[in-house]
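The residues making up each chain are set out below.
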Number of protein chains: 2
Amino acid sequence: MAGSGEPRWLEKDELAAWMSLAALTFKLPGVLDYQLQRDSGLTHFEYLVLAGLSESPGRSRRMSDLAGFANGSLSRLSHVVKRLEQRGFVERRPAEDDGRITVATITDSGYEILVAAAPGHVATVREYVVDALTPEQIAQLKVIADQILAKIDPDKSC
Amino acid sequence: MAGSGEPRWLEKDELAAWMSLAALTFKLPGVLDYQLQRDSGLTHFEYLVLAGLSESPGRSRRMSDLAGFANGSLSRLSHVVKRLEQRGFVERRPAEDDGRITVATITDSGYEILVAAAPGHVATVREYVVDALTPEQIAQLKVIADQILAKIDPDKSC
DNA sequence: CCCAGTTAGTTGACGCTTCAAGTCAACTAG
DNA sequence: CTAGTTGACTTGAAGCGTCAACTAACTGGG
């Protein structure tokens with residue numbers, strides 16, 4: 001698909017909204033990563049991985065789950081978890097009942113890093129996103145983002 | 001900043017909206033890049049660079065301008081333009097009046113690539129973003145994104 | 001049982017982005 | 001006019017993500 005004939009061009013306001021969204025997807029990750037990296041030595045993705053583990057039963061989660069939670073590919077997660085393991089923030093071991101499955105667990109030192117990183121990260125999210133919007137806009141944003149996400153992967157119902 | 005005392009935690013719905021937006025900023029770029037790469041051998045950033053040049057007077061623009069337009073750092077742009085130049089899609093030369101300035105120009109072959117890429121790209125934007133939303137939501141999205149962007153770089157008024 | 005097929009995860013190479021350092025041109029004060 | 005500073009890029013190295021290939025473990029039909 002995506003190439004047959006002449007697709008409907010974007011209206012002026014559609015284009016403007018898209019350009020704003022595109023700018024956002026380029027710039028927001030940079031802001032988040034910069035703050036986390038500077039203050040805690042973590043990327044946003046690493047933060048999400050640690051956060052995902054910390055709020056799971058037994059502070060553990062299988063790789064595929066975690067990848068879904070952190071919005072990344074399994075391959076990406078595998079690389080990241082290897083590095084986090086080398087830094088002593090997580091551990092990995094195969095599941096007992098199914099040897100194909102790898103279960104990652106956050107360590108105490110990983111948990112400490114996460115707890116130390118959280119306030120600054122939350123403050124940044126607040127500063128750039130939440131406090132920039134009205135409560136009504138926050139509600140709108142969630143609906144909008146979820147509708148787009150539903151198009152991207154239709155299954156993963158949240 | 002971003003670390004003094006105990007910052008206000010996120011409310012449940014604030015957190016939910018943020019997680020949706022975060023998921024979006026992780027996944028949307030992948031979708032866009034994938035389509036453009038597969039169908040035209042371009043990244044979204046490269047596409048924006050070519051598009052920015054094509055709609056500028058003389059099909060030319062100085063590097064800093066272009067970096068701002070394409071939402072990237074000057075360094076990133078410099079690398080990308082070098083590669084695009086090697087592929088024959090753009091040319092570079094110093095400005096006549098100020099030798100520090102580099103002016104990039106899209107070539108005919110670059111323009112062809114862009115024109116060939118555009119329909120598929122627009123169709124993708126339509127499929128995943130524009131058609132997922134109501135006209136009202138599109139208007140909301142623009143306002144929301146612009147407000148967040150204004151926090152990120154307060155000067156760059158559009 | 002056993003082998004083909006599927007599922008889960010890992011790995012290495014390659015390309016891209018970032019960061020810090022470097023270049024060169026243009027002001028600017030003495 | 002020249003020494004120092006600022007501005008506009010460019011460059012190289014280092015780190016991260018993606019893709020394709022690979023390994024290992026389970027599953028299911030014959």
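The rules behind the values
- Residues numbered from 1 in each chain as written.
- Chains lettered and ligands numbered in written order.
- Predicted model: local features only at pLDDT ≥ 70, side-chain atom pairs only at ≥ 80, totals over all residues.
- Heavy atoms only, no water.
- Near = heavy atom within 4 Å.
- Polar contact = N/O pair within 3.5 Å; in protein donor to acceptor, adjacent residues only side chain to side chain.
- Helix = DSSP H or I, 4+ residues; strand = E, 2+ residues; numbered from the N terminus.
- Nonpolar A, V, L, I, M, F, W, Y, C, P; charged D, E, K, R; others polar.
- Buried < 20%, exposed > 50% of the residue type's maximum accessible area, 1.4 Å probe, protein only.
- Contact = heavy atoms within 4.5 Å.
- Least-squares fit on C-alpha atoms with pLDDT ≥ 70 in both.
- Expected span 1.5 Å × (residues − 1).
- Bend = angle between axes of the 7 residues up to and from the residue.
- UniProt positions renumbered as here; feature names shortened; annotations may be inferred.
- Phe/Tyr/Trp six-rings, centres within 6.5 Å; stacked < 30°, edge-to-face > 60°.
- Lys NZ or Arg CZ within 6 Å of the ring centre and 35° of its normal.
- 1 Å grid on protein atoms, 1.4 Å probe; cavity = no way out; pocket = protein on both sides within 12 Å on 5 of 7 lines; lining within 4 Å.
- Points joined across faces, edges and corners; volume = space filled by probe spheres on them.

Under the annotation held in an unreviewed UniProt entry, chain A carries the name DNA-binding MarR family transcriptional regulator and is attributed to Kribbella antiqua.

(A) View of the protein's contact with DNA strand C. Taken together, 22 residues lie around DNA strand C, and Ser64 and His79 of chain A together with Ser75, Arg76 and Gly99 of chain B are the ones closest in. Restricting attention to atoms of DNA strand C within 4 Å of the protein, one finds that 69% of them are sugar or phosphate atoms. Take His79 of chain B: an N or O atom from its side chain is 3.1 Å from a base oxygen of DNA strand C. Here a phosphate oxygen of DNA strand C sits 3.1 Å away from a polar atom, N or O, in the side chain of Arg83 of chain B. If you list the elements that add at least two residues to the surface near DNA strand C, you get α3 (63-69) and α4 (74-86) of chain A together with α4 (74-86) of chain B. Split into classes, the residues belonging to the surface near DNA strand C amount to 4 nonpolar, 9 polar and 9 charged.

(B) Quick peek at the environment of Phe26 of chain B. Here Phe26 of chain B is to be found in helix α1 (residues 12-40). A residue is classified by how much of its surface remains accessible, and Phe26 of chain B, at 19% relative accessible area, is buried. Residues in contact with Phe26 of chain B, not counting those within four places in the same chain, are His44, Phe45, Leu48, Ala70, Asn71 and Arg76 of chain A.

(C) Molecular detail of unusual backbone geometry. Residues and elements named next belong to chain A. Positive phi, close to 50°, is recorded for Arg59, a residue that is not glycine. For Arg59, the location among the structural elements is in the loop between α2 (44-54) and β1 (60-62). The phi dihedral of Asn71 falls on the positive side, at around 60°, and the residue is not glycine. If you trace the backbone, Asn71 turns up in the loop between α3 and α4. The buried category is assigned to Asn71, whose relative accessible area is 11%.

(D) Spotlight on the relation of the copies chain B and chain A. Once chain B is rotated about the relating axis by 180° and shifted along it by 0.0 Å, it coincides with chain A to within an RMSD of 0.0 Å. In the structure described here, the two chain copies are related by an operation that fits a two-fold rotation axis. When C-alpha positions in chain B are compared against the rotation axis, the closest is assigned to Thr25 of chain B, at 2.5 Å. When the interface residues of chain B are mapped onto chain A, 100% of them are again interface residues, pointing to one common binding face.

(E) Representation of helix α5 (residues 108-128) of chain A. Between its first and last C-alpha atoms α5 of chain A spans 30 Å; for 21 residues at 1.5 Å apiece the expected length is 30 Å, and the two agree. Of all bends in α5 of chain A, the biggest is about 35°, found at Ala118 of chain A, and the proline Pro119 of chain A comes one to four residues later.

(F) Region of the structure containing the environment of Gly99 of chain A. Secondary-structure assignment places Gly99 of chain A in the loop between β2 (90-94) and β3 (102-106). Sequence spacing of Gly99 of chain A and Val49 of chain A is 50 residues, and the spatial spacing of their C-alpha atoms is 22 Å.

(G) Quick look at the side chain of Glu14 of chain B. You can see Glu14 of chain B is positioned in helix α1. Contacts of Glu14 of chain B, omitting those with residues within four sequence positions, involve Arg126, Val130 and Ile138 of chain A together with Trp9 of chain B.

(H) Geometry of the UniProt feature "domain: HTH marR-type" (unreviewed entry) in chain A. Here, the residues flagged by UniProt with the feature "domain: HTH marR-type" (unreviewed entry) are residues 12-150 of chain A. For the annotated span residues 12-150 of chain A, helix accounts for 70% and strand for 9% of the residues, and the straight-line distance between the end C-alpha atoms is 25 Å.

(I) View of the packing of aromatic side chains. Evaluation of the coordinates by the stated rule reveals 2 aromatic pairs over all chains. A cation sits over an aromatic face here: Arg59 of chain B above Tyr111 of chain B, 3.8 Å from the ring centre.

(J) View of the protein's contact with DNA strand D. Close contacts around DNA strand D come from 22 residues, with Ser75, Arg76 and Gly99 of chain A together with Ser64 and His79 of chain B the closest. In DNA strand D, the atoms that sit within 4 Å of the protein are 68% sugar and phosphate, with bases accounting for the remainder. In the model, a base oxygen of DNA strand D is placed 2.8 Å from a nitrogen or oxygen of the His79 of chain B side chain. One nitrogen or oxygen atom from the side chain of Arg92 of chain B is found 3.2 Å from a phosphate oxygen belonging to DNA strand D. Counting only elements with at least two residues in the surface near DNA strand D, the list comes to α4 of chain A together with α3 (63-69) and α4 of chain B. Grouping the amino acids of the surface near DNA strand D by side-chain chemistry returns 4 nonpolar, 9 polar and 9 charged.

(K) Spatial organisation of empty space enclosed by the protein. On inspection of all chains with the given rule, the structure shows 3 cavities of 30 Å³ or more. The space that makes up the largest cavity amounts to roughly 40 Å³. Lining of the largest cavity is provided by Leu21, Leu24, Leu141 and Ile144 of chain A together with Leu21, Leu24, Leu141, Ile144 and Ala145 of chain B. Every element with two or more residues in the lining of the largest cavity is listed here: α1 (12-40) and α6 (135-152) of chain A together with α1 and α6 (135-152) of chain B. If you tally residues by element for the lining of the largest cavity, the top one is α6 of chain B, at 3 residues. For the lining of the largest cavity, the residue count by class is 9 nonpolar, no polar and no charged.

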